[in-house]
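# An overview of the molecular structure
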Amino acid sequence: MTHHVYLGDSGQHFAARPDQTLLDAGLCAGVSLPYGCASGTCGACRCRIRSGRAVEDPPNRALSETERAAGYALLCQAHAASDIVLDWQAPAGTPAPRPAIWPCRLQERRWLSGDVLGVTLKLPRGDAAFAYLPGQYVDFLLDDGGRRSFSLAGVASDGTIELHVKVTPQGRFGRYIAEQLPDRAMLRFEGPLGAFYLHEAQRPTILVAGGTGFAPIKAIIEDAIHREDQRPMHVFWGARKREDLYLDALVRDWADRYANIDYTPVCESPPKEWNGARGRVDDAVAAQYSDLRDHALYVSGPPAMVAAVKARGLGAGLHPDHLHYDSFDDAHVTWPGTP
Ligand code: FES
């Protein structure tokens, strides 16, 4: 029997058969839904079920018991067992940008560290029409039909787009961008996608990045500075080595210039003269925040780090509605056909 799935009070809805996941049903109906791995591991499709009943395919490694108890489900694993209303939060004050296919041209590559490449892409018409919410990601569309997701580190008013690409021996797409893509090559992407952007209006906000998970957090903070958003924001950026904090000076500069921004760099193997925190980033957050009942927490980075910070945050009383994360490695590497 087919059920109806309603997106909050937006008026949007789609039909879902019991043999389809909510994600499949929504995408088939042309509805833009956040997702990454489509296999129950990254959590990008996490959404609260306001009313109705869904059953989920095991295994589901992304959601904690606390999130489950609060009514969250994974759209890529859940099947409708009745009509459903999803707790669909449009960003306050602005309509959610609709994803579309965009061409862009490679404009510049520059190394930000030994293995992180800063990539600048230009929309051909200098297109100011590309609207996104800072923190969102796009999917690059590859010639073989594969897709590769990247969070945007920034979009300038002249239509240039900034990415932070980790280049490793195993990372074929990163190496392709760094070593093989010709200057001024054309690419296509679909976006903007995802629900990782500032939601709460005024809660004190903790933003935790691991490695290149800093990219969407950079976009969020720069936009907040631009809008003169005065909420307290504390950035934690964790890495193994100091040089992995590839824009450390930029974040220190934010913290120096804006009274509402704090910064704690966290290094697992710091040099002797290090003046940040030492060890793991989840420990650093827990050391400074034992009670998160009044906070919002945004986490972006590798799955293990996101899981650790999530667990510490929920353990410190954070409500799941104020937890937002972008567990990007799973989303990025599990696309079929990724070169
Ligand atoms: Fe559903 Fe990754 S967990 S898309």
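Data block above holds the structure.
Residues numbered from 1 in each chain as written. Predicted model: local features only at pLDDT ≥ 70, side-chain atom pairs only at ≥ 80, totals over all residues. Heavy atoms only, no water.

### Considering the overall build of the protein
Each helix and strand in the protein was counted, giving eight helices and 20 strands. In summary, the protein has a C-alpha radius of gyration of 20 Å against a globular reference of 20 Å for 339 residues, a match within 12%. Seen along its three principal axes, the alpha-carbon backbone of the protein occupies a region of about 65 × 50 × 40 Å. Counting only residues that meet the buried cut, the protein has 53% of its 339 residues in that class. Sequence separation of at least 24 residues holds for 68% of the intrachain contacts in the protein that already meet a minimum separation of 6. For the protein, the accessible area works out to roughly 15200 Å², and carbon and sulfur atoms hold 50% of it. Mean positive and mean negative side-chain charge positions of the protein (35 and 41 charges, respectively) differ by 2 Å. (Helix = DSSP H or I, 4+ residues; strand = E, 2+ residues; numbered from the N terminus. Rg over C-alpha atoms; globule rule 2.2 N^0.38 Å. Buried < 20%, exposed > 50% of the residue type's maximum accessible area, 1.4 Å probe, protein only. Contact = heavy atoms within 4.5 Å. Areas by Shrake-Rupley, 256 points an atom, 1.4 Å probe, with all protein chains shown as cover. Lys, Arg positive; Asp, Glu negative; His and termini not counted. Charge placed at Lys NZ, Arg CZ, Asp CG, Glu CD.)

### Details of the pattern of salt bridges
Throughout the structure, instances matching the rule amount to 28 salt bridges. Across the salt bridge formed by aspartate 158 and lysine 122, the nearest N and O atoms sit 3.9 Å from each other. Remark: lysine 122 occurs in strand 9 (residues 116-122) and aspartate 158 occurs in the loop between strand 12 (154-155) and strand 13 (160-166); sequence separation between them is 36 residues. For the salt bridge of glutamate 179 with arginine 175, the shortest nitrogen-to-oxygen distance reads 4.0 Å. On the criterion of helical spacing, the pair formed by glutamate 179 and arginine 175 is a turn pair, its members being four residues apart in helix 3 (residues 172-180). Using a relative accessible area of 54% as the deciding quantity, one classes glutamate 179 as exposed. Residue arginine 175 is classed as partly exposed on the basis of its relative accessible area of 27%. (Salt bridge = Lys/Arg side-chain N within 4 Å of Asp/Glu carboxyl O.)

### Comments concerning the pairing of strand 2 (residues 13-16)
Going residue by residue along strand 2, you find Phe14 and Ala16 tucked away on one face and His13 and Ala15 left uncovered on the opposite face. Note: strand 1 (residues 3-7) against strand 2, four bridges, orientation antiparallel. Note on strand 2: the bridge partner recorded for histidine 3 is alanine 16. Taking the residues that link successive antiparallel strands as the turn, the strand 1-strand 2 hairpin has five residues, and the phi of glycine 8 there is positive, at about 55 degrees. (Pairing = 2+ DSSP bridges.)

### Some thoughts on the sheet that holds strand 17 (residues 261-267)
Pairing is parallel in the open sheet, where six strands are placed in the order 18-17-16-15-19-20. With partners counted over all chains shown, the strands left at the sheet margins are strand 18 (277-278) and strand 20 (323-327), one partner each. Relative to strand 19 (residues 296-301), strand 15 (residues 205-210) is paired through five bridges, and the arrangement is parallel. Bridge pairing links threonine 205 to alanine 296 in strand 19. Its contacts with the sheet place helix 6 (residues 281-288) against strand 15, strand 16 (233-239), strand 17 and strand 18, and it is angled at close to 150 degrees to strand 16. Seen against the sheet, helix 7 (residues 303-315) touches strand 15, strand 19 and strand 20 and runs at an angle of roughly 165 degrees to strand 19. (Axes fitted to C-alpha atoms, helices over the stretch in contact; angles between N-to-C directions.)

### Thoughts on helix 3
Among all positions of helix 3, only Phe173, Gly174 and Ile177 are buried. Burial along helix 3 is one-sided: seen end-on, the buried residues are contained in an arc of 110 degrees. Facing away from the buried side of helix 3 by over 90 degrees, the exposed positions are Arg172, Glu179 and Gln180. Buried residues along helix 3 sit against strand 8 (100-111), strand 9, strand 10 (137-141), strand 11 (147-151) and strand 13. (Arc of directions from axis to C-beta.)

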